[in-house]
Amino acid sequence: MNNRQVIKNKNTARIGLFSSITILISAVVGIGIFFKNKSVLGNNDSNGYGVLISWTIAAVITLTTALAFVEIISSDKKQNGSGLAGWARIICGHKVGRFILIVMPMFYFLFKLVDTSFFASESILIIFNQPQIDPISGASTMIISQDTWIIVLVAYVLMLLFIGVNAFSTKAAKIISVIASVAKFLPLIVVGILGITFGAINGWSGNFFTNITQQGGSNEILPLGIFASLPALLFTFDSFLTIGNAASSMNNPQRDVPRSILIGIPIITFLYLFVTVGQLVTGQRDVYAFFNHIVVQSGGAIDGIAAKTLNVIVGCVIMISLFGSINAFVLTSIRSLQSAIDEEIIIGAVKFKKLANGRHLRAGALYGAFIGTIVSGIMAIPIVVLNSDSAYDGVSNLPTLFFFMIYALIILFGLINHYTHKVEVKRMKIFPIVAIIAILGCAFAFGYNLFYEFTARNFIDDKQVSWGMFKGQSIDRWIASVLVWAFLIVFIALPFINDACIKLFRKNHNQRLIWM
C-alpha cells in the first residue's frame, strides 16, 4: 500500500455507533432549547403544565416518526448512502425519490449549513456583548452591537473552515462531534439539576406551576396554546434523520443508523424535558435570566463583573453547541452532495467530479463551498440592508417546515408498503399506529405554519412575527409570509429547474428525469 492510500484510509476513518449517536445529537441540539421556552410560555399564558404537555406531545410525535423510519430504512436495497433521499426512492418510487434526492442536498442541507454557520458566528460575538435583563420580569434580551457584515463574514469563514475539516479528515469531524456533544450535554444537565435544586430550596415558590397567576398568566391550560407551540418544538427535534447521509462512512449502516436514532432521540427528549422542568420550577423563561436567578438565590449580586462572567460562560456553551451543530451539518451535507454528484443527479456534477480528481468527498466539499458561497451572498443582502438577523432566523426554519411534509409523505408510502409488501422491509407490529401519529403530527406542523401563521393571520391581525435572535427581534408578518411562500415555490421548482438544466446542457445524459 502506497503512502497516498495510507493517508486516504486515515482521513476516511469509519464512523461507529457511538460516533453516529454524537453526530445525531450534535445535529439536533442547537440553541433552540436555550430560548424556545420563552415563546412556549407565551403561547401557554405562562402555564407550566401547558408547557410540559406541549413538550410531551412534540416528543411523542418525534419518537413515533423515528420508529416509523426504523421500518422504512430496514430495506436491504442499495441506496448509495444518500440517507432520507435514498430511502424515499426505494419506498416512494422514482418521481418522489428523485425530487427528494435533489432538494435534500441543494435546499435542505445548504440552507441549514449557511444558517447554522450564521448563528455560530453570532454565538462567538455574543461573548463580547452583555445581556439586558429586566429586573422585574427576569426576561432578558441579548443584542449584538457589531455590524451585520461582521457576522456574515465570520459565518462564511466558519462554513469554509468546517467544510475543509470534514473534507480532509472524517476522524477530525468525529472528534469534534464527540467533544461538542459532551460539552453541550453537561451544561444542559447542570441547568436541570440547578433548577430542580433551587426550586426545592425555595419551597417551589415563584414557579410556573403553583403561582401561575402571580407570573401574569392564567390558571387554565389552553389547548390552543399547546397546539400553537407544537410546530416550534418539533423544530428543535428536526435533523435526526440527517444521520442517514453519513451511512457511506459507517462501519455497519444497516445496524447503526436505526440504533443511533432509537438511542439518540430518547436522550435528546430527556435533555429537553429536564431543562424545561429546571426553568419552570425556578420561574425563568430564558437561559440568561435562569443563571441570573441562580446567582441571586445563592447570595450573590449581579454586578458588572458577575454579569460579564455569566455572559461569557453562557455564550461559550451556546458557541460550542452551535459548533457541534455546524460540524454535524457539514459532515452530512457534503456526503449528501457527494452521493448526488456520484450519481450525476445535480447540475454541475460532472465538472465537480473532474475537479475532485477521484479524491474522497472532495467533490461534495467543493460543491458545498461553491453553492454555499452563492447562498451566503444572497442571504447577506437583507441582513446587511436591514441590519437585522430577522430574515435569517425565519428562513432557517423553512427547510425544516417543508421537510415535515416530506416526512409525512414518506411515512404514508411506508404505511401503504406495510400492507402491499411492494418493498421488503422488517415489519413492526406497531408500525401502523406510530405511522398514523407521525403523519398527523408532521402534517399539522406544516399546515399550521403555512396556512395559519403565514396566510390566515395576515387577514386576522397585523402583528409582527417574532423572528430574530441577537440582532433584531421581529419582522412584519406580510414580509415574513412573502418569504415563506417564495421559498416554498423555489423548493418545489428546484428539482424541475435542475433537470431542465441537465437536459439542456448535458446532451449525452441517460438519466430518467423527474417528469419521466
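To be clear, the structure that these remarks concern was listed above.
Conventions and cut-offs
- Throughout this description, residue numbers start from 1 for each chain and increase along the sequence as written.
- Given that the model is predicted, a residue must reach a pLDDT of at least 70 before its local features are reported, and side-chain atom pairs must reach 80 or more before they are shown or counted; all residues, however, enter totals for whole chains, interfaces and linings.
- Calculation of side-chain values draws on the structure's entire complement of heavy atoms; hydrogens and water are dropped beforehand.
- Starting at the N terminus, helices and strands are each numbered in turn, a helix being any DSSP run of H or I of at least four residues and a strand any DSSP run of E of at least two.
- Any residue under 20% of the maximum accessible area for its type is buried, any over 50% is exposed, and the rest in between are partly exposed; the area is computed with a 1.4 Å probe on protein chains only.
- Should any heavy atoms of two residues lie within 4.5 Å, those residues are counted as being in contact.
- To obtain an axis, a line is fitted to C-alpha atoms, over the contacting stretch when the element is a helix, and the angle between two such axes runs from 0 to 180 degrees between their N-to-C directions.
- Oblique is the label for any angle not covered by the other classes, which are roughly parallel (under 35 degrees), roughly antiparallel (over 145) and roughly perpendicular (65 to 115).
- Left-handed is the label given to a crossing in which the near helix is rotated counterclockwise from the far helix by less than a right angle, and right-handed is the label when the rotation is clockwise.
- Expected helix span is computed as 1.5 Å times (number of residues minus one).
- Two aromatic rings from Phe, Tyr or Trp, using only the six-membered ring of Trp, form a pair when their centres are within 6.5 Å; if the ring planes differ by under 30 degrees the pair is stacked, by over 60 it is edge-to-face, and anything between is tilted.

With that settled, consider the side chain of Thr-269. Mapped onto the elements, Thr-269 comes out in helix α10 (residues 253-282). Thr-269 sits in the buried class, given a relative accessible area of 9%. If we skip the residues at most four places from it in the chain, Thr-269 touches Ala-59 and Phe-237.

What follows concerns the packing of helix α4 (residues 48-72) against helix α16 (residues 431-460). Here α4 crosses α16 at 125°, and the two axes come no closer than 8 Å. Taken together, the axis directions place α4 and α16 in an arrangement best described as oblique. Judged by the twist between their axes, the crossing of α4 over α16 is left-handed. Two secondary-structure elements touch here, α4 through Val-60, Ile-61, Thr-64, Thr-65, Leu-67, Ala-68, Glu-71 and Ile-72 and α16 through Phe-431, Val-434, Ala-435, Ile-437, Ala-438, Gly-441 and Cys-442.

Glancing now at helix α15 (residues 390-420). With 31 residues, α15 extends 46 Å between its outermost C-alpha atoms, agreeing within 8% with the 45 Å of an ideal straight helix rising 1.5 Å per residue. Counting buried residues in α15 gives 23 out of 31 residues, a clear majority hidden from the surface. Immediately beyond the C-terminal end of α15, within one or two residues, lies His-421, with a positive phi of roughly 60°.

Before going further, it helps to spend a moment on the packing of aromatic side chains. Inspection of every chain in the model, using the stated rule, returns 20 aromatic pairs. When the ring of Phe-446 is compared with that of Phe-451, the centres are 6.4 Å apart and the planes differ by 85°; the resulting orientation is edge-to-face. Look at Phe-446 and you get buried, because its relative accessible area is 11%. Linked through ring pairs, Phe-99, Phe-107, Tyr-108, Phe-111, Phe-402, Phe-403, Phe-404, Tyr-407, Phe-487 and Phe-491 together constitute an aromatic cluster.

Read these as spatial facts, not as claims about activity.
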